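# Understanding the architecture of this molecule
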Amino acid sequence: MTSSGSPQDLSILAELERKVLWLATWTIHHANHVRDNADGLKVGGHQASCASLATIMTALYFRTLRPQDRVAVKPHASPNFHAIQYLLGRQTRDKLEAFRGFKGAQSYPSRTKDTDDVDFSTGSVGLGVAQTLFSSLTQDYVRSHGWGLARPEGRMIALLGDAELDEGNIFEAMLEGWKQGLRNCWWIVDYNRQSLDAVVREGLWERYQNLFRNFGWDVVLLKYGALQETAFAEPGGEVLRQWIDSCPNQLYSALVFQGGAAWRKRLNDEIGDQGPVTALLERRSDDELARLMNNLGGHDLPSIIAAFDAVDHDRPVCFIAYTIKGYGLPLAGHKDNHAGLMTPAQMETFRKSMNIRPGEEWSRFEGLEHPAAEIEAFLDRVPFASAGNRSLLAERIAVPESLAVTIQTQMSTQLGFGALLNELGRGDTSVAARMVTASPDVTVSTSLGPWVNRRGLFAREALADTFKSERIPSTFNWEFSPKGQHIELGIAEMNLFSVLSALGLSHVINGERLLPIGTLYDPFIARGLDALNYACYQDARFILVATPSGITLAPEGGAHQSIAEPLIGMAQDGLAAFEPAFVDELAVILAFALDYIQREGGAEPSERNWLRDETGGSVYLRLSTRPIEQIKRNMTPALRQSIVDGAYWLRAPGPNCQLVVAYTGAVAPEAIQAVGLMAEDRRDIGLLAISSADRLNAGWAAACRARERGLIHARSHIERLFAGLPRHCGIVTVLDGHPATLAWLGAVSGHCVRPLGVEHFGQTGSIDELYRHYGIDASAIIAAAQVIAPGRPIRYLGAA
Ligand SMILES: Cc1ncc(C[n+]2csc(CCOP(=O)(O)OP(=O)(O)O)c2C)c(N)n1
Ligand SMILES: [Mg+2]
């Protein structure tokens, strides 16, 4: 690039700013008024929000960013992003013309759906912002472990709306960032003082400034543009500055909307002094006065560039940039402008003012004063676009088919998880080297302790465990170092999901693969659910281990009992959910998971289970603290496959089967006991162990679709398992979770199902007491069987 901020470059940037604004507003206009819009639905506006950020994004993308920098763009500024990529030759006209349409450019930038180099998806406000913070932490993690050092360090940048700062997850992230020594992170606040419905409170910038400074950030205020600074230096200018500083947000917005004459009247009424101030105002036409009052820092290219250029350190920086929502458009400043759309007549006037000929609306260089060749040459020099494809690739780490673990006679899946990680931690495998664990203050209580003892905690700067150096006995060695492999988080579960989202994208962002495993208590998934959904939406890859779960944690208390999570596991796209009962199953599932999270192949479903396993995804393991008697058996390849596919017969049904008991997870002993007690009174009972209701259900749905498309021989795993069942046999399902999780089994081959599970919660007690109370004990299973599979009275009914 030629000299920084040379007048020549600045004037090209100014033209590009207008071009970005034009293309973004035109894209939205086209989707609403030009393209066939048969549904009659308004194709979301956001012209005003785009205008607000057009100057900053122009400065950022065409000048400041380097290829290694990564950006989360305010969701409703998506059209700006697509316009910039279009100008850089990285977005197609077809996609822009189909904005918000089927397979068109996305309404909110999407890593997976857009094709124009989106770093981080956004949409649910606040989450993209936190993503940048944790991505910076991830970059530090990767580099501290000696990986990716050949690549330059990048900045993680969020462009956020001012109202976006209402989202609590941002502050949770900031606190964590402070604890972790955050670096290389910029947040640029589009301080237009408007949200969706309203004009924001007065003086918020000051609150933000104090907050950010408290958390160790530098704060840069971009308040006045160059025109304003010049005016302030004139006689009477100081009075004007004071007036601007004390003008309420609502009034400023209203005057912006009304324009030059309204400004003049108001300013004359309030500060007109028949002296220097009046002269200052009179030296300017109405248009010039409006331009002066609209010339806030966030719309002044030289100020923005200077502010970005001035950062010569890696401390986190918050830029608070004063802007005008709808800047340069007739929507400017109006409090209702969030979803406002310019009318065709307004667009026509705007087109003319941009010197764009009809029919040339999409032409990249139409209406610009600089010759196209000059702009093309400038665009060719843009540093951000100089390195080609910015989406990186990382090799897959080979995962052994089976993981070592010593299984005790009685063991819980949670303990099994701890033992498996302990074994992995002991070894010297590349899998273990790439694993990184994280937990929101429940590291020890989710059984990660032994792993952490072996692998240490991560911090950029080493910190000894004082208890150890003071020789105070403790089970845990809590030493922090740059080579540590566990990220200890504060309690905020949102941050767990955000860090998993960042660690789980390291292969594409840093070109270095990590195998992230996060642990938390199962009910608190709900606390971070939107962040989990967001992580899955942008295809981050991780393993989530949730334990303890359900009412099985018994004495721990009602507020910790989870009911809905198995359904979340089924319904969450991009997340394969498992709930094993036995530790050998868990070992199989964990080995599968470590491989599955690395897959990114084609989407062809396998004829074995009709699941699209080659596309991979993230994994959720719902575990329990209940010690149960383990089964001594050989793990055969067939059993291994069935566990991964979602179910196997623990006791195969006979040819005249009257009853199937299908269970998931920690209630295995109750199901086994009930089947034992009923064996004399019902013929050929089958006992189905379900390791993944989610995968079983997904495979069934996919096989149904395949048959509907004509692949009449398609059979899913559950259909094969049920193939020999007589039609009249009844199925009792049971799990420590919502009964709907397994109720669908009846629809597979038309069997009658009585689904048992937990619908209410909140009691403490022993496991026996609670299972009885909520009706998931052996007696409840037998009572359900008696009704659903009628026959002679089951003699042990009531005795279990
Ligand atoms: C979690 C979440 N809640 C609500 C919304 C709907 N929404 C989109 S933008 C917005 C207000 C945005 O205001 P601000 O952040 O100030 O943006 P700008 O003024 O730049 O448009 C809201 C409520 C959302 N996208 N995400
Ligand atoms: Mg706003």
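These notes cover the structure that comes with them. (Residues numbered from 1 in each chain as written. Chains lettered and ligands numbered in written order. Predicted model: local features only at pLDDT ≥ 70, side-chain atom pairs only at ≥ 80, totals over all residues. Heavy atoms only, no water.)

## Some thoughts on the overall build of the protein chain
Scanning the protein chain from N- to C-terminus turns up 33 helices and 20 strands. In terms of overall dimensions, the protein chain is globule-like: its C-alpha atoms have a radius of gyration of 31 Å, near the 28 Å expected for 800 residues. Its C-alpha atoms give the protein chain principal-axis dimensions of about 105 × 70 × 50 Å. By the burial criterion, 60% of the 800 residues in the protein chain qualify as buried. Here the contacts in the protein chain between residues at least 6 apart in sequence split such that 76% fall between residues at least 24 apart. A total of about 30,500 Å² of accessible surface is found on the protein chain, and carbon and sulfur atoms cover 52% of it. Side-chain charges in the protein chain split into 75 positive and 90 negative, and the spacing between the mean points of these groups amounts to 4 Å. (Helix = DSSP H or I, 4+ residues; strand = E, 2+ residues; numbered from the N terminus. Rg over C-alpha atoms; globule rule 2.2 N^0.38 Å. Buried < 20%, exposed > 50% of the residue type's maximum accessible area, 1.4 Å probe, protein only. Contact = heavy atoms within 4.5 Å. Areas by Shrake-Rupley, 256 points an atom, 1.4 Å probe, with all protein chains shown as cover. Lys, Arg positive; Asp, Glu negative; His and termini not counted. Charge placed at Lys NZ, Arg CZ, Asp CG, Glu CD.)

## With respect to the coordination of the magnesium ion (ligand 2)
Protein ligation of the magnesium ion (ligand 2) involves Asp162 (OD), Asn192 (OD1) and Gln194 (O), the donor distances falling in the range 1.9 to 2.2 Å. Of note, the donors binding the magnesium ion (ligand 2) are all from one chain and are spaced D-x29-N-x1-Q. For the residue pair Asn192 and Gln194, the accessibility class agrees, reading buried in each case. (Donors = N, O, S within 2.8 Å, 3.2 Å for Na, K, Ca; no water.)

## Quick notes on the sheet that holds strand S20 (residues 752–756)
The strand order across the open sheet built from five strands is S16-S18-S17-S19-S20, with neighbouring strands paired in mixed fashion. Only two strands of the sheet have a single partner each, and these edge strands are strand S16 (647–651) and S20. This sheet shows a mean twist of 25° between the axes of neighbouring strands, independent of strand direction. Bridging between strand S17 (residues 659–664) and strand S18 (residues 686–690) involves five bridges; their strand directions are parallel. Bridged to Thr664 within S18 is Ile690. (Pairing = 2+ DSSP bridges. Axes fitted to C-alpha atoms, helices over the stretch in contact; angles between N-to-C directions.)

## So, the packing of aromatic side chains
Inspection of the entire model under this criterion finds 22 aromatic pairs. Ring centres of Trp26 and Trp362 lie 6.2 Å apart, and the angle between their planes is 70°; this geometry places the pair in the edge-to-face category. Separated by 336 residues along the polypeptide, Trp26 in helix H1 (residues 7–34) and Trp362 in the loop between helix H15 (344–353) and helix H16 (372–381) bring together distant segments of the chain. For the pair formed by Trp26 and Trp362, the shared burial category is buried. With a centroid separation of 4.6 Å and an interplanar angle of 45°, the aromatic rings of Trp187 and Trp217 are classed as tilted. Taken together, the residues Trp187 in strand S3 (residues 185–191) and Trp217 in the loop between helix H7 (204–214) and strand S4 (218–222) connect sequence positions 30 residues apart. Of the two residues, Trp187 and Trp217, neither departs from the other in class, the shared state being buried. Connected via pairs of aromatic rings, a cluster forms that spans Trp22, Trp26, Phe350 and Trp362. A cation sits over an aromatic face here: Arg695 above Tyr596, 6.0 Å from the ring centre. (Phe/Tyr/Trp six-rings, centres within 6.5 Å; stacked < 30°, edge-to-face > 60°. Lys NZ or Arg CZ within 6 Å of the ring centre and 35° of its normal.)

## Focus: the packing of helix H27 (residues 668–678) against helix H33 (residues 778–788)
Look at H27 against H33: their axes get within 8 Å of each other, and the N-to-C directions meet at 50°. Judged by the angle between their axes, H27 and H33 are oblique. Every pair of crossing elements has a handedness; the one defined by H27 and H33 is right-handed. Here H27 contributes Glu670, Ala671, Gln673, Ala674, Leu677 and Met678 to the contact with H33, which in turn contributes Ala778, Ile781, Ile782 and Ala785. (Parallel < 35°, antiparallel > 145°, perpendicular 65-115°, else oblique. Left-handed = near helix turned anticlockwise from the far one by under 90°.)

## A look at the site of ligand 1
What surrounds ligand 1 is a group of 18 residues, the closest being Ser49, Lys74, Asp162, Gln194 and Lys325. At a separation of 3.1 Å, a nitrogen atom of ligand 1 approaches a polar backbone atom of Val125. Note that an oxygen atom of ligand 1 is positioned 2.9 Å from one of the backbone N or O atoms of Ala163. For ligand 1, whose unbound accessible area comes to 590 Å², protein coverage reaches 75%. In terms of residue class, the shell around ligand 1 is built from three nonpolar, nine polar and six charged. (Near = heavy atom within 4 Å. Polar contact = N/O pair within 3.5 Å; in protein donor to acceptor, adjacent residues only side chain to side chain. Nonpolar A, V, L, I, M, F, W, Y, C, P; charged D, E, K, R; others polar.)

## Some details on the environment of His738
Relative to the helices and strands, His738 is located in the loop between strand S19 (730–735) and helix H30 (740–743). Under the relative-accessibility criterion, His738 is labelled partly exposed at 25%. In the structure, His738 is positioned 490 residues away from Pro248 in sequence and 52 Å away in space, judged by C-alpha atoms. Leave out the neighbours within four places in its chain, and His738 touches Ile563, Leu567, Val758 and Glu759.

## Considering the packing of helix H8 (residues 226–233) against helix H9 (residues 237–246)
Closest axis-to-axis distance for the H8/H9 pair is 6 Å, and the angle between their directions is 130°. The orientation of H8 with respect to H9, classified from their angle, is oblique. Touching Gln228, Glu229, Ala231 and Phe232 of H8 are Gly237, Glu238, Leu240, Arg241 and Ile244, all from H9. For the contact of H8 with H9, the per-class residue count stands at four nonpolar, two polar and three charged.

## Considerations on the sheet that holds strand S5 (residues 317–322)
Strand order in this open sheet of five strands is S1-S2-S3-S5-S4, and the pairing throughout is parallel. Two strands in the sheet have a free side with no partner beyond their single neighbour: strand S1 (70–73) and S4. The average angle at which neighbouring strand axes cross in this sheet is 15°, direction not considered. The sheet contact formed by S3 and S5 spans six bridges and is parallel. When the sheet's bridge partners are listed, Ile188 is paired in S5 with Phe319. In the packing of H7 onto the sheet, the strands contacted are S3, S4 and S5, and the crossing angle to S5 comes to about 170°.

## Some remarks on the pairing of S19
In terms of burial, S19 is largely enclosed, as six of its six residues are buried. Both faces of S19 are covered, namely the face carrying Gly730, Val732 and Val734 and the face carrying Ile731, Thr733 and Leu735. Relative to S19, S17 runs parallel, the two being bridged by six bridges. In the sheet register, Leu659 faces S19, and the bridge partner there is Gly730.

## Regarding the pattern of salt bridges
Per the counting criterion, the structure on display carries 44 salt bridges. Linking Asp539 and Arg541 is a salt bridge whose minimum nitrogen-to-oxygen distance equals 3.0 Å. When the shortest N-O distance is used, the salt bridge between Arg792 and Asp681 registers 3.0 Å. With Arg792 in the segment after H33 and Asp681 in the loop between H27 and S18, this pair connects stretches of sequence that are 111 residues apart. Three or more residues joined by partner-sharing salt bridges are found here, namely Asp140, Arg143, Glu153, Arg183, Asp314 and Arg460. (Salt bridge = Lys/Arg side-chain N within 4 Å of Asp/Glu carboxyl O.)

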